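These are the residues of each chain, in order.
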Protein chains: 2
Amino acid sequence: MRHAFRAQLDALHGGIADLCDHAGSAMGHATEALLQADLQIAEGVIDRYSDIAYLCASLESDALVILARQAPVAGDLRAVVSSLKDVADLQRMGALATHVARISRRRHPAVAVPAEVAGYFGEMGRIAVRLSEDTKNVVLARDPDQAAQLNVDDEAMDELHRELFAQVMNPGWSHGTVTAVDVTLLSRYYERFADHAVDVANRVIYQATGKQQR
Amino acid sequence: MRHAFRAQLDALHGGIADLCDHAGSAMGHATEALLQADLQIAEGVIDRYSDIAYLCASLESDALVILARQAPVAGDLRAVVSSLKDVADLQRMGALATHVARISRRRHPAVAVPAEVAGYFGEMGRIAVRLSEDTKNVVLARDPDQAAQLNVDDEAMDELHRELFAQVMNPGWSHGTVTAVDVTLLSRYYERFADHAVDVANRVIYQATGKQQR
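Residues numbered from 1 in each chain as written. Chains lettered and ligands numbered in written order. Predicted model: local features only at pLDDT ≥ 70, side-chain atom pairs only at ≥ 80, totals over all residues. Heavy atoms only, no water.

J.: Help me understand the interface of chain B and chain A, please; the structure alone is not making it clear to me.
T.: Buried accessible area, meaning the area lost when the parts come together, often serves as the stated size of an interface. Contact residues are listed per partner, giving 31 residues for chain B and 31 residues for chain A. Linking chain B with chain A are 2 salt bridges, by the criterion used here. The closest approach of N and O atoms between E60(A) and K85(B), which form a salt bridge, is 2.5 Å. Counting every contact that joins chain B to chain A gives 2 residue pairs in polar contact (both at pLDDT 80 or more). Contributing elements (two or more residues each) for the side of chain B that touches chain A: α2 (39-70), α3 (74-107), α5 (147-169) and α6 (176-209) of chain B. Broken down by element, the side of chain B that touches chain A gets its largest block of residues, 11 residues, from α6(B). In terms of residue class, the side of chain B that touches chain A is built from 18 nonpolar, 4 polar and 9 charged. (Contact = heavy atoms within 4.5 Å. Salt bridge = Lys/Arg side-chain N within 4 Å of Asp/Glu carboxyl O. Polar contact = N/O pair within 3.5 Å; in protein donor to acceptor, adjacent residues only side chain to side chain. Helix = DSSP H or I, 4+ residues; strand = E, 2+ residues; numbered from the N terminus. Nonpolar A, V, L, I, M, F, W, Y, C, P; charged D, E, K, R; others polar.)

This is the structure:
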């Protein structure tokens, strides 16, 4: 029973690690679509969301089977319930990537973000991909020490979000209202993406150490 | 065992209904703070979020106790897991109300939204409160027929969100970039609030009927 439980939980964590790959890849491609106004890449991100949703539904169903068959208690129970929350966070990360892709598609063939702030989004995209990879590693290794880089990256994302917001709010902003709104929403999507990744990682760390991260 | 399970699940649903009250009240007050630039009301919404977070943590802990002690299967298991998701949605609704309150606070003593679009936010606030009440009724009565009004209200909210977005994006928008960004973010907070309420209600309906709503 115990052995079966561990194997099923490991399989669940493996699926969550796959989801980290999907979410990171979606945000990486969405960023590419955004910066190059590439409609095909944007459409690809939007289309592949159904794969993410399908994988999420399937992992959730696996978690329910574990709960029903193994009736875990204490830490084992919390591990399965945490996995359910991880899946919800990762599905939302996938959805946020499609939101970025939709803005690229709406402005195509123009680039949605002015050259002046493109560098911010390039950096946000890189951080989003790295956060997904680091979250995957935390999920697989259950190693709380891997969390440090995640918090550095999350803070870097927040700082970029604040800087972009300040640029848009600056009276010297010269790119008009439509672009200001696009930039604000895009920046928020990246920041939320990072928040969800960190929520997943912190949940793993909490289980490993019993210490709440934030 | 069966009787104890029902009683514990009912208590959980009662707590979720209370959370609907808290979330609805938070968004109602946040709207009042927004339209009247009332700093005290805005601060109240932000302060009371800790009550919502506390109630959520306590309900989640109750759900884990039910899973551990009763080891429910099939529909009973899905009911408890659904409750966990409801709690997450309702916590997010409370957080979105604080986001609205924070924008009011940031612009105080000015009113964050121009008089021209204040009516939209008044209506969005009323719909948000009504959605919270209807969701509470669905949670308590487990009655799928109560869902019709929820979908009407959700569509009305989406339509208001689209109309506001069109106004902000219109070349004739005369209130500047900062206000455009505020209006866009505020509108999105209300729309997301409605989405989460409908997610809770649809989950109840799915359990009662086996039919997915969207």
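After that view of the structure, there is still more to cover.
J.: For this particular structure, what's the right way to read the environment of H3(B)?
T.: Relative to the helices and strands, H3(B) is located in helix α1 (residues 2-36). Along the backbone, H3(B) and D89(B) are 86 residues apart, and their C-alpha atoms lie at a distance of 28 Å.

J.: Explain the relation of the copies chain B and chain A to me, please; I cannot follow it from the model alone.
T.: The second copy of the chain is related to the first by a rotation about an axis and a shift along the axis. Placing chain B over chain A gives an RMSD of 0.0 Å and needs a rotation angle of 180°, together with 0.0 Å of translation along the axis. Expressed as an axis order, the relation between the two copies is that of a two-fold axis. The residues that chain B uses at the interface reappear at the interface of chain A in 100% of cases, marking a shared surface. (Least-squares fit on C-alpha atoms with pLDDT ≥ 70 in both.)

J.: How should I be thinking about the UniProt feature "domain: PhoU" (unreviewed entry) in chain A in this particular structure?
T.: All names here are of chain A. With numbering aligned to this structure, UniProt lists the feature "domain: PhoU" (unreviewed entry) at residues 17-103 and 123-204. End C-alpha atoms of residues 17-103 are separated by 28 Å, and the span's content is 94% helix alongside 0% strand. Structurally, residues 123-204 comprises 87% helix and 0% strand, and the distance from its first C-alpha atom to its last is 26 Å. (UniProt positions renumbered as here; feature names shortened; annotations may be inferred.)

J.: Mind showing me how you'd approach the nonpolar core here?
T.: General note: in soluble globular proteins, nonpolar side chains tend to be found buried as a group. Core analysis: the biggest nonpolar cluster contains 142 residues, and F121(A), Y190(A), F121(B) and Y190(B) have the highest contact counts within it. The contact partners of Y190(A), leaving out residues within four places of it in the chain, are M27(A), T31(A), L34(A), V100(A), F121(A), M124(A), G125(A), A128(A) and M157(A). (Core = buried A, V, L, I, M, F, W, Y, C linked by side-chain atoms within 4.5 Å. Buried < 20%, exposed > 50% of the residue type's maximum accessible area, 1.4 Å probe, protein only.)

J.: Please explain the side chain of S83(A) as it appears in this structure.
T.: Residue and element names in this part refer to chain A. Within the secondary structure, S83 sits in helix α3 (residues 74-107). On the basis of relative accessibility, which here comes to 2%, the residue S83 falls in the buried class. The residues touching S83, leaving out its near neighbours within four places in the chain, are L9, L12, H13 and I16.

J.: Could you clarify how one ought to interpret the packing of aromatic side chains in this entry?
T.: Each aromatic ring pair is summarised here by two numbers: the centre-to-centre distance and the angle between the ring planes. Residues and elements named next belong to chain A. This structure, assessed with the given rule, holds 2 aromatic pairs over all chains. Judged by centre distance (5.9 Å) and plane angle (50°), the ring pair of F121 and Y190 falls under tilted. Here the residue F121 occupies a position in helix α4 (residues 115-141), and Y190 occupies one in helix α6 (residues 176-209), the gap between them amounting to 69 residues. Like F121, the residue Y190 is buried in the burial classification. (Phe/Tyr/Trp six-rings, centres within 6.5 Å; stacked < 30°, edge-to-face > 60°.)

J.: Honestly, the state of the cysteines in this entry has me stumped. Any pointers?
T.: Disulfides are covalent bonds that link the sulfur atoms of two cysteine residues. Counted under the stated rule, the structure contains 0 disulfides over all chains. Of all cysteine sulfurs in the structure, the one in C20(A) sits closest to C56(A), which takes part in no disulfide; the separation is 10 Å. (Disulfide = S-S within 2.5 Å.)

J.: I would appreciate a short explanation of the pattern of salt bridges in the present structure.
T.: If charged atoms from side chains of opposite charge come close, those side chains can pair. All names here are of chain B. Throughout the structure, instances matching the rule amount to 26 salt bridges over all chains. Measuring nitrogen to oxygen at the nearest pair gives 3.7 Å for the salt bridge that ties R6 to D10. With R6 and D10 both in helix α1, this residue pair falls 4 residues apart, about one helical turn. A relative accessible area of 35% means that R6 is categorised as partly exposed.

J.: Just checking my understanding: could you explain the side chain of R192(A) for this structure?
T.: By the secondary structure assignment, R192(A) is in helix α6. Exposure remark for R192(A): the relative accessible area of 16% places this residue in the buried category. Those residues within four positions of R192(A) in sequence are excluded, and the remaining contacts are L96(A) and R92(B).

J.: Sorry if this is basic, but what is going on with α6(A) here?
T.: Structural remark: α-helix, 3.6 residues per turn; residues separated by three or four positions point the same way. All names here are of chain A. Taking 1.5 Å of rise per residue, 34 residues should cover 50 Å, and α6 covers 49 Å from first to last C-alpha, within 8% of that figure. Of all 34 residues that make up α6, 27 are buried, and the element is covered over most of its length. Note on α6: the residue one or two positions beyond its end, G210, has a positive phi of about 75°. (Expected span 1.5 Å × (residues − 1).)

J.: So what exactly am I meant to see when it comes to unusual backbone geometry here?
T.: Note: most residues except glycine have negative phi, and most peptide bonds are trans. Backbone torsion omega between H108(A) and P109(A) reads 10°, so that peptide bond is classified as cis. Among the structural elements, P109(A) can be located in the loop between α3 and α4. Despite not being glycine, A71(A) has its phi angle at roughly 40°, a positive value. Inspection of the secondary structure puts A71(A) in the loop between α2 (39-70) and α3. A relative accessible area of 30% places A71(A) in the partly exposed class. For R142(B), which is not glycine, the phi dihedral falls at a positive 50°.

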